[in-house]
Amino acid sequence: MSLLANIVGFSLFGLAARVGQLGIQKRNILENPLGHAISMGVFGFAGYWAYQWDQRAAVLLQEKRAEIAERRAQAEANPSS
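Right, let's walk through the structure included here. (Residues numbered from 1 in each chain as written. Predicted model: local features only at pLDDT ≥ 70, side-chain atom pairs only at ≥ 80, totals over all residues. Heavy atoms only, no water.)

A look at helix H1 (residues 3-24)
1) Next: In this model H1 runs 31 Å from its N-terminal to its C-terminal C-alpha over 22 residues, within 8% of the 32 Å that 1.5 Å per residue would give.
2) Next: Taken together, the buried residues of H1 touch helix H2 (33-77).
3) Next: In the segment just after H1, lysine 26 is the residue with positive phi, at about 55°. (Helix = DSSP H or I, 4+ residues; strand = E, 2+ residues; numbered from the N terminus. Expected span 1.5 Å × (residues − 1). Contact = heavy atoms within 4.5 Å.)

Set out below in structure tokens:
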């Protein structure tokens, strides 16, 4: 998933959470647009953070898999028994 799609998706979820919150409180949904923007911004940042975390985890997994493959190749080349 691309970075933009992740941020937009999380932002829309933040908007839905804000609208749901106001609906539970039985308040006017369009009462405070700044609150909607803040909610979308916070959730959008969470989406950015999740994307970066996913990218970093993929790099770490790739490095670990390469390290394991290297150790297996060394073990096959030098059998101890």
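Some thoughts on a nonpolar patch on the surface
1) Next: Together, Phe45, Tyr48, Trp49 and Trp53 line one region of the surface with nonpolar side chains, adding up to about 530 Å² of accessible area.
2) Next: Mapped onto the elements, phenylalanine 45 comes out in helix H2. (Patch = residues over 30% accessible without salt bridge, like charges linked within 9 Å, V, L, I, M, F, W, Y side chains within 5 Å. Areas by Shrake-Rupley, 256 points an atom, 1.4 Å probe, with all protein chains shown as cover. Salt bridge = Lys/Arg side-chain N within 4 Å of Asp/Glu carboxyl O.)

As for the side chain of histidine 36
1) Next: Tracing the backbone shows histidine 36 in helix H2.
2) Next: On the basis of relative accessible area, histidine 36 is assigned to the buried category, the value being 10%.
3) Next: Apart from the residues lying within four places of it in its own chain, the contact partners of histidine 36 are Leu15, Arg18, Leu22 and Ile29. (Buried < 20%, exposed > 50% of the residue type's maximum accessible area, 1.4 Å probe, protein only.)

What to know about the packing of aromatic side chains
1) Next: Inspection of every chain in the model, using the stated rule, returns three aromatic pairs.
2) Next: For the pair tryptophan 49 and tryptophan 53, a centre-to-centre distance of 5.2 Å together with 35° between the ring planes defines the contact as tilted. Taken together, the residues span about one helical turn, with tryptophan 49 and tryptophan 53 both in helix H2 at a distance of four residues. Just as tryptophan 49 is exposed, tryptophan 53 falls in that class too. (Phe/Tyr/Trp six-rings, centres within 6.5 Å; stacked < 30°, edge-to-face > 60°.)

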